[in-house]
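In case you want the letters, here they are:
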Amino acid sequence: MQIDRNSVVTIEYTLRDPEGEVIDSSVGSDPLSYLHGHGQLIPGVEKQLAGQSEGAALRFTVPPGEGYGEYDENAFRTVSKANFGDAGEVEEGMQFWVTDEDGREMPARVDAIEGDEVRLDFNHPLAGLPLDFEIKVVNVREASAEELSHGHVHGPGGAHD
């Protein structure tokens, strides 16, 4: 069976940065299963996997525009330290979930601290980077009606992962 929209795909993967350092890997642990064509992986990976079959081994680079986006110099906001309330000591590099004025939650990283002001970076940590993937397709199967209605893969015996 070839990978197509609504396929349940199980992969082993290793993700490296442009210098070859491993960022994430499933090798040596449980492989990753996802519902193809439902935005559960970055677009560049789904694009490369489309049409592949069980046993396929691929190595490719995903450009920023098909990964976590280009780095946005305007994706910074400065807020008061008082906004962090009971978070304890705020330090550069810390990550927080913040809620915007529309009630949406989004991750932010502390980029800099100057006095009582904290500069937050809303770029994804991998924004602007080409990402090198090595992927082995372990399994491909049709999604069940229940998986399609729920929008995600269920584990063995139909249980939720």
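Heads up: the structure comes first, above all this text.
The structure displayed is predicted, hence computed values, not measured ones. (Residues numbered from 1 in each chain as written. Predicted model: local features only at pLDDT ≥ 70, side-chain atom pairs only at ≥ 80, totals over all residues. Heavy atoms only, no water.)

Comments concerning the overall build of the protein
Selection rule: Secondary structure counts use DSSP, requiring at least four H or I residues in a row for a helix and at least two E residues in a row for a strand, with both numbered from the N terminus. With C-alpha atoms as the basis for the radius of gyration, the globule rule is written as 2.2 Å multiplied by the number of residues raised to the power 0.38. Burial classification: accessible surface area is computed with a 1.4 Å probe over protein chains only, and a residue below 20% of its type maximum counts as buried, one above 50% as exposed, and the rest as partly exposed. Only heavy atoms enter the contact rule, under which two residues are in contact if any of them lie within 4.5 Å. Accessible areas in this description were obtained via Shrake-Rupley with a 1.4 Å probe; residue shielding takes into account the shown protein chains only.
Along its length, the protein carries 2 helices and 9 strands. Along its sequence from the N terminus, the protein presents helices and strands in the succession β-β-β-α-β-β-β-β-β-β-α. Against the compact-globule benchmark of 15 Å for 161 residues, the protein has a radius of gyration of 19 Å, which places it well outside the compact range. C-alpha atoms of the protein, sized along the principal axes, occupy 60 × 35 × 30 Å. Each of the 161 residues in the protein was classed as buried or not, and the buried ones make up 32%. Contacts spanning at least 24 positions in sequence make up 61% of the contacts within the protein whose residues lie at least 6 apart. Accessible surface, the protein as shown: approximately 9,800 Å² in total, 45% of it carbon and sulfur.

Structural notes on the side chain of Asp100
Formally: Think of a polar contact as two N or O atoms within 3.5 Å of one another; within protein, one of them needs to be a possible hydrogen donor and the other a possible acceptor, and neighboring residues in sequence only count if both atoms come from side chains.
As for its placement among the helices and strands, Asp100 is situated in the loop between strand E6 (95–99) and strand E7 (105–114). Reaching out from Asp100, the side chain makes a polar contact with the backbone nitrogen of Asp102 at a distance of 2.9 Å. Only 2.8 Å separates the side chain of Asp100 from the side chain of Arg104, close enough to count as a polar contact.

Focus: the nonpolar core
Just so we agree on the cut-off: Only buried residues count toward a nonpolar core, which is a set of Ala, Val, Leu, Ile, Met, Phe, Trp, Tyr and Cys residues joined through side-chain atoms within 4.5 Å.
Core analysis: the biggest nonpolar cluster contains 20 residues, and Ile3, Val45, Leu49, Phe60, Phe133, Ile135 and Val137 have the highest contact counts within it. Of all the secondary structure elements, the ones that give two or more residues to this core are strand E1 (7–16), helix H1 (43–49), strand E4 (57–62) and strand E9 (131–142). Counting residues per element, this core draws most heavily on E9, at 5 residues. Judged by nonpolar contacts, the second largest core, of 7 residues, contains Phe84, Val90, Ala108 and Val110.

Things to note about the packing of aromatic side chains
To be explicit about the condition: Any two of the Phe, Tyr and Trp rings considered here, Trp counted by its six-membered ring, make a pair once their centres fall within 6.5 Å; the pair's planes then place it as stacked at under 30 degrees, edge-to-face at over 60, or tilted in between. Each ring is checked for a lysine NZ or an arginine CZ that lies within 6 Å of its centre and within 35 degrees of its normal; such an atom marks a charge sitting over the ring.
Per the stated rule, a full pass over the model turns up 3 aromatic pairs. Here Arg119 stacks its cationic end above the ring of Phe76, 3.8 Å away from the centre of that ring.

Let's talk about the pattern of salt bridges
For clarity, the threshold we go by: Should a side-chain nitrogen of Lys or Arg be within 4 Å of a carboxyl oxygen of Asp or Glu, the pair is scored as a salt bridge.
On inspection of all chains with the given rule, the structure shows 9 salt bridges. Taking the shortest distance from any N to any O, the salt bridge between Arg59 and Glu134 comes out at 3.6 Å. Of the two residues, Arg59 sits in strand E4 while Glu134 sits in strand E9, which places them 75 residues apart along the sequence. The exposed category is assigned to Arg59, whose relative accessible area is 61%. With a shortest N-O distance of 3.4 Å, Asp102 and Arg104 are connected by a salt bridge.

Description of the sheet that holds strand E8 (residues 117–121)
Using the following cut-off: Any two strands between which DSSP finds at least two bridges are classified as paired. Lines fitted to the C-alpha atoms define the axes, with helices restricted to the stretch that makes contact. Angles between their N-to-C directions range from 0 to 180 degrees.
Ordered by their spatial adjacency, 4 strands build an open sheet running E5-E8-E7-E6, and the pairing between neighbours is antiparallel. Both outer strands of the open sheet, strand E5 (76–80) and E6, are each paired with one neighbouring strand and no more. Going from strand to strand, the sheet's axes swing by 45° on average, the running direction of each strand aside. Sheet analysis places E7 next to E8, joined by 5 bridges and oriented antiparallel. Following the sheet pairing, Ile113 is matched in E8 by Val118.

A few points about unusual backbone geometry
Of note, the phi angle at Asn6 is positive, near 75°, even though the residue is not glycine. Along the chain, the position of Asn6 falls in the segment before E1. For Asn6, a relative accessible area of 27% corresponds to the partly exposed category.

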